[in-house]
Amino acid sequence: MKNYFFLLITLLLLALSANAQQFQLSENAEVSVLTMGPGTELNDSFGHSAFRIKDSSKGIDQVFNYGEYDFDTPNFYLKFAQGKLLYQIGANDFQPFFNYYSRHNRSIKEQVLNFNLQEKQKLFDYLLNNNLPGNKKYKYDFFFDNCATKMRDVLIQIVPNRIDYKNEFVNGDKTFRQLINENVYWNNWGNFGITTALGAVIDKNATAWEYQFLPEYVYLANKTATLEKTSSTDGSGIYTEDLVKTDRTLFNPQKTEPDRNFLVSPLFIFSILSLIIILITIDDWRKDKRSRYLDSILFFTTGVIGILLFLLWFATDHTATANNYNVLWAFPLNLFLVIAFSRKFTKLWMRQYSLFCLLMLVLLSFHWFTGVQMFSFTIIPILIALAIRYLFLMAYIKKNAVKPMQPVLG
């Protein structure tokens, strides 16, 4: 019985030893950062980043990226909307990974890091440990903790206080919103949604460090960064070298023209809707009437949008949706006044509320011109139409409002 027990222990130790040897890198191993270019869909408009661990002599060629999530997560869409969805690291063989991005015509650049064998092994061990079921997930933040910032943050843990990220790759001062707009065309629905949902907190200038929420700037930061090294075992000889040893392009995409149809763009659609609102308002003015259905639609639509923005601001964990002054044109209270403005007879307080809505548009313009928050240019026609409608309501209600009954004296 003892012989069987010792045999079992021996086999187990041999298996563990073989498994450990399997993940020991050789001197020929390379560790690198991959940068994938943007795609055609909104969710891949900003590119992607990943680590690659390659050791041909050991048959290892793995890619680790921090951009995955589990669709089987309970209440997936609710958690996504609330900013509570956990993202996770994923591991893939390099060739299928390469095939996927090249098939979608997205550029692939590789920066081989200037690490020694010990540092390469430490990075590989860290990624393997991070990929374990209990360690995979992390709280995602679009600006401060995403697939791109993870590249930098992991490297800093592997070689603490030895990477010096320069600022030369940054040209001028740009806000977070301007950096987003570099990747998403201003007159499409994706840009409209992002610009409307994100608040004034992203209209501050980003530092060079903060630029690295975008994969392309991680690439540029790595390109100019240096790594502190030692020339002797006792650490007495300290010198610096470039962080990136080799910079190469693995796949160059074919140039394609962006698919931009102005007839379905936000600016065109909003211009048509605004023209309709203005023409109906002019007709109402001439005939001394009020199109109640139009007011009902306007107050309902702006109220619903306002409540959604209000919830994004106060009821989610998203850091970028705070201080959103789009609620100045999409005011949440409008939804609760739909019934009042849909009735035939108006009251004087409704004139005062229309004046309040007009003043909110003036305040929005002030925020825009002073740089407190930048808004989507596509909503300018809507803002003009709303201002004209509120002016009309003020004049119409003043003339036609039901006056309160006056007490009869004498």
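Up top you'll find the structure we're talking about.
Residues numbered from 1 in each chain as written. Predicted model: local features only at pLDDT ≥ 70, side-chain atom pairs only at ≥ 80, totals over all residues. Heavy atoms only, no water.

### Things to note about the packing of helix α4 (residues 117-130) against helix α5 (residues 149-158)
Running from amino to carboxyl end, α4 crosses α5 at an angle of 125°, the nearest separation of the two axes being 10 Å. Looking at the two axes, α4 sits oblique to α5. By crossing handedness, the relation of α4 to α5 is classed as right-handed. Facing Glu119, Lys122, Leu123 and Tyr126 of α4, the residues of α5 in contact are Val154, Gln157 and Ile158. A breakdown of the residues in the contact of α4 with α5 according to their chemical character gives four nonpolar, one polar and two charged. (Axes fitted to C-alpha atoms, helices over the stretch in contact; angles between N-to-C directions. Helix = DSSP H or I, 4+ residues; strand = E, 2+ residues; numbered from the N terminus. Parallel < 35°, antiparallel > 145°, perpendicular 65-115°, else oblique. Left-handed = near helix turned anticlockwise from the far one by under 90°. Contact = heavy atoms within 4.5 Å. Nonpolar A, V, L, I, M, F, W, Y, C, P; charged D, E, K, R; others polar.)

### With respect to the environment of Ile180
Tracing the chain through its elements places Ile180 in helix α6 (residues 176-181). The class for Ile180 is buried, based on a relative accessible area of 3%. A C-alpha to C-alpha distance of 9.7 Å links Ile180 and Ile202, two positions 22 residues apart in sequence. The residues contacting Ile180, other than those within four sequence positions of it, are Phe46, Phe142, Phe143, Ile194, Leu198, Ile202 and Phe213. (Buried < 20%, exposed > 50% of the residue type's maximum accessible area, 1.4 Å probe, protein only.)

### Looking at empty space enclosed by the protein
Summed over all chains, the structure comprises one cavity of 30 Å³ or more. Of the pockets and cavities examined, the largest cavity occupies roughly 40 Å³. Together, Leu328, Trp329, Phe331, Asn334, Cys357, Met360 and Tyr390 line the largest cavity. For the lining of the largest cavity, the per-class residue count stands at six nonpolar, one polar and no charged. (1 Å grid on protein atoms, 1.4 Å probe; cavity = no way out; pocket = protein on both sides within 12 Å on 5 of 7 lines; lining within 4 Å. Points joined across faces, edges and corners; volume = space filled by probe spheres on them.)

### With respect to the nonpolar core
If you look at the biggest cluster of nonpolar residues, it comprises 49 residues, and the most contacted ones within it are Phe51, Ile53, Phe115 and Leu123. Secondary-structure elements contributing two or more residues to this core are β1 (30-36), β2 (48-55), β3 (60-69), β4 (86-93), α4, α5, α6 and α8 (215-224). Per element, the largest residue contribution to this core is four residues, and it comes from α5. Discounting residues that sit within four places of it in the chain, Ile53 has contacts with Leu25, Glu30, Val31, Ile60, Asp61, Gln62, Phe64, Leu123, Phe124 and Leu127. (Core = buried A, V, L, I, M, F, W, Y, C linked by side-chain atoms within 4.5 Å.)

### Things to note about the side chain of Asn114
By the element assignment, Asn114 lies in the loop between β5 (108-113) and α4. At 3.3 Å, the side chain of Asn114 forms a polar contact with the backbone oxygen of Asp242. Ignoring any residue separated from it by four or fewer positions in sequence, one finds Asn114 in contact with Glu119, Leu227, Lys229, Glu241, Asp242, Leu243 and Lys245. (Polar contact = N/O pair within 3.5 Å; in protein donor to acceptor, adjacent residues only side chain to side chain.)

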